[in-house]
Amino acid sequence: FIPLMNEAMEILKPIYLWLKSFQDDNVAISCVYHAFLELQKSFQKINCNKQKKSYLLKLVKDRFDFIYGEAHGLGYILDPRYLGDEMDLTLRINIEEFLFGLHKFEPGYNQGS
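Residues numbered from 1 in each chain as written. Predicted model: local features only at pLDDT ≥ 70, side-chain atom pairs only at ≥ 80, totals over all residues. Heavy atoms only, no water.

Chemist: What exactly am I supposed to notice about helix 1 (residues 2-22) here?
Modeler: Each turn of an α-helix holds 3.6 residues, which means side chains three or four residues apart point in the same direction. For helix 1, built from 21 residues, the straight-helix expectation of 30 Å at 1.5 Å per residue is met to within 8% by its first-to-last C-alpha distance of 30 Å. Along its length, helix 1 shows its largest kink, about 30°, at Leu 12, and proline Pro 14 lies within four residues downstream of that point. Inspection of helix 1 places Glu 7, Ile 11 and Pro 14 among the buried residues, and these make up the whole buried set. For helix 1, the secondary structure elements touched by its buried residues are helix 2 (30-45) and helix 3 (50-67). (Helix = DSSP H or I, 4+ residues; strand = E, 2+ residues; numbered from the N terminus. Expected span 1.5 Å × (residues − 1). Bend = angle between axes of the 7 residues up to and from the residue. Buried < 20%, exposed > 50% of the residue type's maximum accessible area, 1.4 Å probe, protein only. Contact = heavy atoms within 4.5 Å.)

Encoded structure:
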């Protein structure tokens with residue numbers, strides 16, 4: 001019983017810490033992306049069998065894919081604390097292309113100029 005309880009506490013601790021930090025009203029959107037990176041790292045370090053670990057990592061990825069929007073990626077790239085650090089390269093390139101193309105939506109933009 002005790003080993004299972006310790007394992008459960010090890011799994012829940014990083015989740016609890018991030019949930020606690022998101023209860024603040026002033027959390028930057030870039031922190032959401034960072035939180036998922038850190039959760040993934042935390043679960044990779046957990047001392048449990050390979051099957052449980054891969055299940056936890058899949059859950060983190062699935063939740064990230066569910067909540068992720070361009071605003072999260074933009075925020076993570078533009079936030080001086082992160083600057084896109086550890087971001088998936090393909091995703092980073094897509095976000096940067098989106099960012100560099102935003103000027104096309106400005107009033108008065110003329111492609112021919």
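After presenting the structure, the write-up continues.
Chemist: Explanation requested: the side chain of Ser 30 in the structure shown.
Modeler: Tracing the backbone shows Ser 30 in helix 2. What makes Ser 30 buried here is its relative accessible area of 3%. A distance of 2.5 Å separates a polar atom in the side chain of Ser 30 from a polar atom in the side chain of Asp 79. The contact partners of Ser 30, leaving out residues within four places of it in the chain, are Gly 75, Tyr 76, Asp 79, Arg 81 and Tyr 82. (Polar contact = N/O pair within 3.5 Å; in protein donor to acceptor, adjacent residues only side chain to side chain.)

Chemist: Would you explain the packing of helix 2 against helix 3 in this entry?
Modeler: Describing two packed helices takes the angle between their axes plus the distance from one axis to the other. It is the contact of helix 2 with helix 3, at a shortest axis distance of 9 Å, that shows an interaxial angle of 170°. Judged on the interaxial angle alone, helix 3 and helix 2 are roughly antiparallel. On helix 3, the residues that touch Val 32, Tyr 33, Phe 36, Leu 39, Gln 40, Phe 43 and Gln 44 of helix 2 are Lys 53, Leu 56, Leu 57, Val 60, Arg 63, Phe 64 and Ile 67. When grouped by side-chain class, the residues that make up the contact of helix 2 with helix 3 number 10 nonpolar, 2 polar and 2 charged. (Axes fitted to C-alpha atoms, helices over the stretch in contact; angles between N-to-C directions. Parallel < 35°, antiparallel > 145°, perpendicular 65-115°, else oblique. Nonpolar A, V, L, I, M, F, W, Y, C, P; charged D, E, K, R; others polar.)

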